[in-house]
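So you can see what is in the structure, the chains are spelled out below.
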Amino acid sequence: MDKRLEGLLLVVGGLLLIGSGALYYLYPKLDIGLNKGSAAIANGVALSFQPSKTMVAINEQFIVSVLADTKGHSVSATDLRVNFSGAGVLVSSIAAGNFLPVVLVPGSIGSGTATIILGSQPTAPAQGTGILATITLKATQNGLVQLSFDNNTQVAAIGQSG
């Protein structure tokens, strides 16, 4: 192969590599932040978030699952309150997952908060791990969104008080 052609191919390949890297960093995106405050223990039950993605493009819709680990307790209900901060996100819904299937109070979205109250079937309290709820969001601009459990989130575990 001609030395000039090899050199040209090397330069073009390098420019393509640099250009694709620059596109990655310049392309508008939203980071989903889950800091240490994003997990909680309520009445002995561990709550956490699991985003479907940790980085999304502008105008992309994504889901964050709210998980529960009962740590051996029997759970009959939860008053779930999730705070979100950051100007780069629009929360469109919060819905029941499969762990506590009875919707006692439908989900609602407020300024920086999503809430829903869920219960178990009376004869079948939840045990183990599962998805309490799913939150549907849409990235609206570059930035970082932080999710956390509100201090008023409550979990009713049979035989537990507090």
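Residues numbered from 1 in each chain as written. Predicted model: local features only at pLDDT ≥ 70, side-chain atom pairs only at ≥ 80, totals over all residues. Heavy atoms only, no water.

A.B. asks: Can you walk me through the nonpolar core in this structure?
C.D. replies: Soluble globular proteins tend to bury their nonpolar side chains together. Counting 32 residues, the largest nonpolar core has Leu47, Val66 and Leu80 as the members making the most contacts within it. Elements with a minimum of two residues in this core: strand 3 (45-51), strand 5 (61-69), strand 6 (75-85), strand 7 (89-96), strand 9 (113-119), strand 10 (129-139), strand 11 (143-149) and strand 12 (154-157). In terms of residues, this core owes the most to one element, strand 10, which gives five residues. Leave out the neighbours within four places in its chain, and Val66 touches Ser48, Phe49, Leu80, Gly130, Ile131, Leu132, Ala133, Ile135 and Phe149. (Core = buried A, V, L, I, M, F, W, Y, C linked by side-chain atoms within 4.5 Å. Buried < 20%, exposed > 50% of the residue type's maximum accessible area, 1.4 Å probe, protein only. Helix = DSSP H or I, 4+ residues; strand = E, 2+ residues; numbered from the N terminus. Contact = heavy atoms within 4.5 Å.)

A.B. asks: What am I meant to see in the environment of Val102 here?
C.D. replies: Assignment of secondary structure puts Val102 in strand 8 (residues 102-110). Each C-alpha atom, one on Val102 and one on Ser76, is 9.9 Å from the other, the two residues being 26 residues apart in sequence. Look past the residues within four positions of Val102 in its chain and what remains in contact with it is Ile117, Leu118, Gly119, Ser120 and Gln121.

A.B. asks: Teacher, can you tell me more about the packing of aromatic side chains here?
C.D. replies: Two aromatic rings are characterised by how far apart their centres lie and by the angle between their planes. Applying the stated rule across the entire model yields one aromatic pair. Consider the rings of Phe49 and Phe149, whose centres lie 4.3 Å apart with planes at 5°: the pair is stacked. Residue Phe49 is found in strand 3, and its partner Phe149 is found in strand 11; the two are separated by 100 residues along the sequence. As far as the burial class goes, Phe49 and Phe149 line up, both buried. (Phe/Tyr/Trp six-rings, centres within 6.5 Å; stacked < 30°, edge-to-face > 60°.)

A.B. asks: Just to check I follow, could you spell out the pattern of salt bridges for this structure?
C.D. replies: Two side chains that carry opposite charge are able to pair once their charged atoms sit near each other. Across all of its chains, the model carries two salt bridges by this definition. Put simply, Asp69 and Lys71 hold a salt bridge, and the shortest N to O gap is 3.5 Å. On the accessibility criterion, Asp69 (25% relative accessible area) is partly exposed. Lys71 gets classed as exposed once you look at its relative accessible area, which sits at 51%. (Salt bridge = Lys/Arg side-chain N within 4 Å of Asp/Glu carboxyl O.)

A.B. asks: Teacher, can you tell me more about the environment of Ala133 here?
C.D. replies: With respect to the helices and strands, the residue Ala133 is situated in strand 10. Put simply, Ala133 and Phe49 are 84 residues apart on the chain and 9.8 Å apart in space, counted from C-alpha to C-alpha. Residue contacts for Ala133: discarding those within four places in its chain leaves Val64, Ser65, Val66, Leu80, Ile94, Ala95, Ala96, Gly97 and Ile116.

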